[in-house]
Amino acid sequence: CSMVGEITGQFIIKAYQRGYRWEESQVSSMLNDIYQNGNTPYCLQPIVVRKLDKDTYELIDGQQRLTTLLILLKYIQREYKPRVTIQYTLSYETREKTAEFLDDINAEVAEDNIDFFYIYKAYKTIDEWFKTLSSKNNKDIEVADDMFGYLNKNVKVIWYEVSEDVDPIALFARLNIGKIALTNAELVKAMFLMNAGRTSLNHQKQIEMAFQWDEIEHSLHEN
C-alpha cells in the first residue's frame, strides 16, 4: 500500500480507456468515507499501473479513484492551502488538454467534452460537500486541514505494478468485466482497440479510433 500523499509521477490514461465518469454519489461516498474514518487507517481499492519511464506510468485500473483524489487535492490547494505541493499528474491520450484543465477546473470550458463535464461536476460536488459540512460545524479551514491530513497520513491505495510484457488492454478488460461501472459499450471499445493492436494498425490509428468513439459518446449525451 502507498499513502495518497506519497503518490508521485505522471500517469497516462491510454486511448483504450473510458474517460472520467464518476457521478456525484460516488464522489460524495469517497469524501464521507475518508472523513468519517478520520485518523483510522483507510485503504482504497487497487491502482494498477505499468511503468513506462522513471516517473511515468500507464494507469490501467483505478483511474476514477486517482482522478477524484487529484480533483480533491486541487480543490484543497485552490481554496485553502495554496502552498501545498501535489506530486502527481494525470493526462489523457485522447484529451491533450486534460492535464491543463485539471490545473484550472472552470465552468468556461467544462462543456467542451464529456470528460471535462464530469471533472467539473466532481469539483462542484466537492465544493458543495465542504460547504455543507462547514456550515454545520462552522470550521471550513479545520475540515480542509483534517482532510488534507487524512490523505497524507491515513488514506492508502493498494499499489500494483505489472511487468512491461503484460498486455494492458487485455488486463483492463479482465479487471473491469465484472464491474457495473464499466458499460458494455466501454468494454466493446477496449476489445476493438485490443484487436486493432494485433493487426497492422499502428498506435496513432488506435488513438484516432478511441477519439472517434468518445465523440460518438459525447454526441449521444446531447438531448
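Residues numbered from 1 in each chain as written. Predicted model: local features only at pLDDT ≥ 70, side-chain atom pairs only at ≥ 80, totals over all residues. Heavy atoms only, no water.

In this section: the packing of helix α1 (residues 24–37) against helix α5 (residues 140–153). Interhelical geometry of α1 versus α5 gives an angle of 90° and a closest axis separation of 10 Å. As far as their axial angle goes, α5 and α1 are roughly perpendicular. Residues L31, I34 and Y35 of α1 touch α5, and the partners they reach there are V143, D146, M147, Y150 and L151. Residue composition of the contact of α1 with α5, grouped by class: seven nonpolar, no polar and one charged. (Axes fitted to C-alpha atoms, helices over the stretch in contact; angles between N-to-C directions. Helix = DSSP H or I, 4+ residues; strand = E, 2+ residues; numbered from the N terminus. Parallel < 35°, antiparallel > 145°, perpendicular 65-115°, else oblique. Contact = heavy atoms within 4.5 Å. Nonpolar A, V, L, I, M, F, W, Y, C, P; charged D, E, K, R; others polar.)

Looking now at the pairing of strand β3 (residues 42–51). One ladder, built from seven bridges, connects β3 with strand β6 (residues 155–162); its direction is parallel. Counted as the bridge partner of V48 is Y160 from β6. Across four bridges, β3 lies against strand β4 (residues 56–61) in antiparallel orientation. Its bridge partner lying in β4, V48 is registered against D61. Between the antiparallel neighbours β3 and β4 lie four residues. (Pairing = 2+ DSSP bridges.)

Overall, the coordinates contain eight salt bridges when judged by the stated rule. One salt bridge in this structure joins E58 and R50, with 3.0 Å as the shortest N-O distance. Note on accessibility: E58 and R50 belong to one class, buried. Linking D103 and K74 is a salt bridge whose minimum nitrogen-to-oxygen distance equals 2.4 Å. Here D103 is found in helix α3 (residues 98–103), whereas its partner K74 is found in helix α2 (residues 63–79), with 29 residues between them in sequence. Owing to a relative accessible area of 14%, K74 belongs among the buried residues under this scheme. (Salt bridge = Lys/Arg side-chain N within 4 Å of Asp/Glu carboxyl O. Buried < 20%, exposed > 50% of the residue type's maximum accessible area, 1.4 Å probe, protein only.)

To continue, consider α2. In a regular helix each residue adds 1.5 Å, so 17 residues correspond to 24 Å; α2 covers 24 Å between its end C-alpha atoms and thus fits that length. With 14 of 17 residues buried, α2 is to be regarded as a mostly interior element. (Expected span 1.5 Å × (residues − 1).)

By themselves these figures say nothing about function.
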